[in-house]
Amino acid sequence: MFNKVLIANRGEIAVRIIRACRELGIIPVAVFSEADRESLHVRYADEAYYLGPAPSRESYLRGDKIVQIAKACEAGAIHPGYGFLAERDDFALQVEDADLIFIGPRPSAIAAMGDKAVARATVAAAGVPVVPGTEGEGDLTDEEIIAIAPQIGFPLLIKATAGGGGKGMREVQTIEELPVLLTAARREAEAAFGDGNVYLEKLLLDSRHIEFQILADEHGNVIHLGERECSLQRRHQKLLEESPSPFMDDDLRQIMGQVACKAAEAVDYLNAGTIEFLVDKDQKYYFLEMNTRLQVEHPVTEMVTGIDIVKEQIRIARGRKLRSTQDDIRLKGWAIECRINAEDPYNDFLPSTGMITQSILPTGPGIRVDTGIYAGFAISPFYDSLISKLICWGETRGEAILRMRRALEEYRILGVKTNIPFHQNIIASHRFMGGQFDTRFVEQRFSMNESGEGKEELERIAAIMATLVEHRQHQKSSQIFRKSERDTSNWKWLGRWEKMNR
Amino acid sequence: MKYVASLGDQEVEIEINGEDEIIVDGEHYAIDFHSIAGQPIYSLLINGRSYEALVQPSDEGLEVLLQGQLFLICVDDERQRRLRQTSGPQLLERGEFHMKSPMPGLIISVNVREGQKVSKGDRLIILESMKMQNELKSPRDGIIRSLRIKSGDNVEQNQVLMTVG
């Protein structure tokens with residue numbers, strides 16, 4: 001059994017995993033790129049080793065080097081976090097081949113769920129409903145896809161077999177535009193994943209993105225920790241998640257939870273994973289995909305279940321039995337997470353880099369912040385723009401929302417632009433409060449700076465503050481430009497003064 | 001000192017006379033205004049109410065981020081207001097343009113000579129007024145047709161300084 005874990009990641013998630021190791025009495029080992037020498041994960045770890053230059057291709061994606069470092073420092077296991085190498089079956093295999101433990105599923109399960117078309121076929125065979133599409137057809141040519149498309153019906157989605165993150169994805173409204181969009185999707189998929197294979201899926205309108213957290217041990221136990229509502233997305237990137245989902249009731253949770261466990265069992269799943277579903281307005285649900293790793297949004301589940309998922313991951317990897325049975329799992333209260341990105345919500349969410357000059361975290365009852373930044377740390381252009389996760393718990397959804405509102409107001413990050421104002425606007429929108437949203441809400445029905453109550457008063461205060469700032473500038477510059485108040489030049493005056501004091 | 005803060009098509013008149021009082025559209029307010037920890041973040045107590053905002057300059061004015069809302073605000077004092085009115089949007093793209101002095105003052109320097117080609121935005125004259133040096137920029141491309149002042153001249157408000165054609 002291992003007692004030292006190498007964390008093959010950076011940023012907030014590396015810090016999160018270090019915390020779990022510490023609490024379990026396990027020694028955390030960090031790896032870092034040139035840009036991350038001063039990162040929090042390096043400062044918090046017991047040991048830290050240099051990986052390579054800043055670009056992830058030369059550092060955090062260097063599986064060979066990471067395995068080498070793990071062997072050299074005698075770590076017994078590797079935790080991949082999310083992103084980077086987390087869903088690469090070849091890396092998981094490399095780790096196993098080096099006699100190390102990969103804290104995650106078996107390589108075969110990563111491979112099965114990584115190929116989206118195979119994943120759909122596998123879970124469909126196990127009786128899990130999938131979004132209607134070209135599942136189980138293998139790799140298709142353009143001609144075959146065009147022939148099948150009318151049977152699925154429009155609108156539909158072209159998706160990359162190796163896909164993720166919205167790359168290689170295209171919406172198709174009519175058969176006429178299909179050939180052009182197919183070419184474009186294949187080109188993008190080829191560029192992003194080195195694999196141009198695509199499949200079709202019916203585009204479900206008014207649907208919600210709801211996912212189930214799974215835990216599975218080596219002893220055949222598979223449980224779910226309830227759902228997370230992740231419909232608030234922009235360009236297929238999640239921005240705000242909550243647990244439970246306002247659309248869920250106990251009956252549906254029980255049924256979908258069982259289905260999620262069944263999907264995991266279909267690939268002989270081990271460790272923590274997430275089954276994503278689309279749920280339409282009639283509460284019909286369809287399997288979307290499985291994420292074979294720890295999710296960014298795992299804290300909302302931790303807040304409502306009280307289970308430390310990362311510690312559970314490590315225990316499972318050590319061969320232990322799950323500490324809870326399905327009956328033990330109760331969702332208590334409500335949790336919301338806002339992903340704080342270094343992006344300018346007022347300028348098309350353009351990423352923002354630079355030195356963090358101030359960072360004041362919100363605290364107080366029911367607040368959790370997972371972050372890897374601090375004042376004096378530079379946000380480099382090399383990695384993801386996620387810099388912090390703000391999570392709030394409340395007894396009810398209403399309390400969680402109000403708590404999030406005050407926490408967002410308290411949070412001060414200066415030096416880079418952040419999407420905190422975006423979250424403040426989302427939280428304040430009536431549709432969000434009423435739970436009236438789907439996956440297209442952010443892109444189609446939401447705008448920043450909608451006029452609301454008290455807006456006029458705020459405008460007045462803003463005008464006053466701008467004027468006071470201007471006035472200060474004014475005074476400063478007029479001191480610079482102001483001519484001598486004496487009638488003679490300062491030099492002359494100084495000369496006289498010196499003579500006088502001689 | 002009197003200012004006009006504009007936000008879109010709204011205008012607020014603000015008079016600042018001391019450190020602890022301002023007059024907004026004729027109404028008096030007690031204020032206490034601090035910048036915090038050397039950052040562009042400001043704390044305002046106004047008639048007992050507390051506000052905090054990030055205030056940063058941008059190309060078009062000052063950006064104020066307050067309670068999750070971003071406001072773009074242009075602040076002019078009387079002098080700048082007159083400056084703006086002179087070089088404002090009323091000028092034509094064709095024909096001769098007579099640059100007039102927006103305020104009484106002293107010509108500090110003249111950066112062009114007659115017959116010289118200039119581009120929009122070129123600095124033509126530095127005019128000192130109200131103890132401040134103001135750059136007068138060319139409102140458009142053209143040629144300096146006639147120059148009616150030289151450095152050291154005192155000029156009156158609205159006096160024609162040069163003609164750009």
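The shown structure was predicted, so the numbers you read here are calculated from the model rather than taken from an experiment.

Conventions used here
Residues numbered from 1 in each chain as written. Chains lettered and ligands numbered in written order. Predicted model: local features only at pLDDT ≥ 70, side-chain atom pairs only at ≥ 80, totals over all residues. Helix = DSSP H or I, 4+ residues; strand = E, 2+ residues; numbered from the N terminus. Contact = placed C-beta atoms within 7 Å. Pairing = 2+ DSSP bridges. Axes fitted to C-alpha atoms, helices over the stretch in contact; angles between N-to-C directions. Domains from an automatic or database assignment. Buried ≥ 20, exposed ≤ 12 C-beta atoms within 10 Å, placed from the backbone. Arc of directions from axis to C-beta. Core = buried A, V, L, I, M, F, W, Y, C linked by C-beta atoms within 7 Å. Nonpolar A, V, L, I, M, F, W, Y, C, P; charged D, E, K, R; others polar.

Caption draft 1: Representation of the overall build of chain B. The secondary structure content of chain B amounts to 1 helix and 16 strands. Contacts spanning at least 24 positions in sequence make up 39% of the contacts within chain B whose residues lie at least 6 apart.

Caption draft 2: Region of the structure containing the pairing of strand β4 (residues 27-35) of chain B. Residue and element names in this part refer to chain B. Pairing of strand β3 (residues 21-24) with β4, which is carried by 4 bridges, proceeds in the antiparallel orientation. In the sheet register, V24 faces β4, and the bridge partner there is E27. Where β3 folds back on β4, the antiparallel hairpin that results is connected by 2 residues, among which D25 adopts a positive phi of roughly 45 degrees. Pairing geometry for β4 and strand β5 (residues 41-46), over 5 bridges, is antiparallel. If you follow D32 over to β5, its bridge partner there is L45.

Caption draft 3: Inspection of the sheet that holds strand β7 (residues 61-66) of chain B at higher detail. Residue and element names in this part refer to chain B. Within the closed barrel, the 8 strands sit side by side as β1-β2-β3-β4-β5-β6-β7-β8. Their pairing is antiparallel. Between one strand and the next, the sheet's axes are offset by a mean angle of 35 degrees, whatever the strand orientation. Judged from the 3 bridges that link them, strand β2 (residues 10-16) and β3 form a sheet pairing that is antiparallel. Residue I16 lies in a different strand from β3, and its bridge partner there is I22.

Caption draft 4: Focus on the domain arrangement of chain B. Its domain assignment divides chain B into domain 1 (2-78) and domain 2 (91-164). The straight-line distance from the C-alpha centre of domain 1 of chain B to that of domain 2 of chain B is 32 Å.

Caption draft 5: Examining the environment of G153 of chain A more closely. Counting through the fold element by element, G153 of chain A comes out in the loop between α7 (142-152) and β6 (156-160). Along the chain, G153 of chain A and L203 of chain A lie 50 residues apart, while their C-alpha atoms are 8.9 Å from each other.

Caption draft 6: Highlighting the sheet that holds strand β11 (residues 237-243) of chain A. Residues and elements named next belong to chain A. The 8 strands lie next to each other as β13-β12-β9-β10-β11-β14-β21-β19, forming an open sheet whose pairing is antiparallel. With one partner strand each, in any of the chains shown, β13 (285-291) and β19 (367-371) form the two edges of the open sheet. The mean inter-strand angle of the sheet, taken between neighbouring strand axes irrespective of direction, is 25 degrees. Where β19 and strand β21 (residues 386-394) come together, 5 bridges link them in antiparallel fashion. If you follow T371 over to β21, its bridge partner there is S388. Along the sheet, helix α9 (residues 250-266) makes contact with β9 (208-216), β10 (222-234), β12 (271-279) and β13, crossing β10 at roughly 105 degrees. Sitting on the sheet, helix α11 (residues 309-317) touches β9 and β12, and the angle it makes with β12 is about 125 degrees.

Caption draft 7: Structural context of helix α3 (residues 63-72) of chain A. All names here are of chain A. Those residues of α3 lying buried are G63, I66, V67, I69 and A70. One side of α3 holds all its buried residues, which, seen down the axis, span an arc of 160 degrees. Of the exposed residues in α3, the ones pointing more than 90 degrees away from its buried face are D64 and A72. As for α3, its buried residues are in contact with β1 (4-7), β2 (27-33), β3 (47-52), β4 (77-79) and α4 (89-97). Where α3 terminates, the next one or two residues include E74, which has phi positive at roughly 60 degrees.

Caption draft 8: Main features of α4 of chain A. Residues and elements named next belong to chain A. Taken as a whole, α4 has its buried residues at D89, F91, A92 and V95. Here the buried residues of α4 occupy an arc of 160 degrees about the axis, which is enough to place them on one side. Residues of α4 that are exposed and angled more than 90 degrees away from the buried face: D90 and D97. The secondary structure elements touched by the buried residues of α4 are α3, β4, β5 (101-102) and α5 (107-114). Downstream of α4 by a residue or two, D99 has a phi angle that is positive, lying close to 65 degrees.

Caption draft 9: Fine view of the nonpolar core. Formed by 82 residues in total, the largest nonpolar core has its most connected members in L6, I78, I214, A264 and F277 of chain A. Of all hydrophobic cores here, the second largest spans 61 residues; its members include I387 and A466 of chain A together with F33 and Y42 of chain B.

Caption draft 10: Structural context of the interface of chain B and chain A. Contacts between the two partners involve 35 residues from chain B, matched on the other side by 28 residues from chain A. For the side of chain B that touches chain A, the secondary-structure elements that each account for two or more residues are β1 (2-7), β2, β3, β5, β6 (49-58), β7, β8 (69-77) and β13 (132-137) of chain B. No other element matches β8 of chain B, which puts 6 residues into the side of chain B that touches chain A. Grouping the amino acids of the side of chain B that touches chain A by side-chain chemistry returns 28 nonpolar, 5 polar and 2 charged.

Caption draft 11: Focus on the pairing of β5 of chain B. Residues and elements named next belong to chain B. Where β4 hands over to β5, the hairpin turn is made up of 5 residues, of which A37 adopts a positive phi near 55 degrees. As defined by bridge partners, β5 adjoins β6 across 6 bridges and the pair is classed as antiparallel. Pairing of L44 across the sheet is with Y51, part of β6. Hairpin connection between β5 and β6: a loop of 2 residues separates the two successive antiparallel strands, and N47 in this loop has a positive phi of roughly 45 degrees.

Caption draft 12: The environment of E87 of chain A, seen in detail. Residues and elements named next belong to chain A. Secondary-structure assignment places E87 in the loop between β4 and α4. Since 21 C-beta atoms lie within 10 Å of it, E87 is described here as buried. Excluding anything up to four places from it in sequence, E87 contacts I110, G114, T292 and R293.

Caption draft 13: Local environment of unusual backbone geometry. All names here are of chain A. A cis geometry characterises the amide bond from F154 onward to P155, with omega recorded as -5 degrees. Backbone torsion omega between S243 and P244 reads -5 degrees, so that peptide bond is classified as cis. Along the chain, P244 turns up in the loop between β11 and α9. Here D99, not a glycine, exhibits a phi torsion of approximately 65 degrees, which is positive. In this structure, D99 sits in the loop between α4 and β5.

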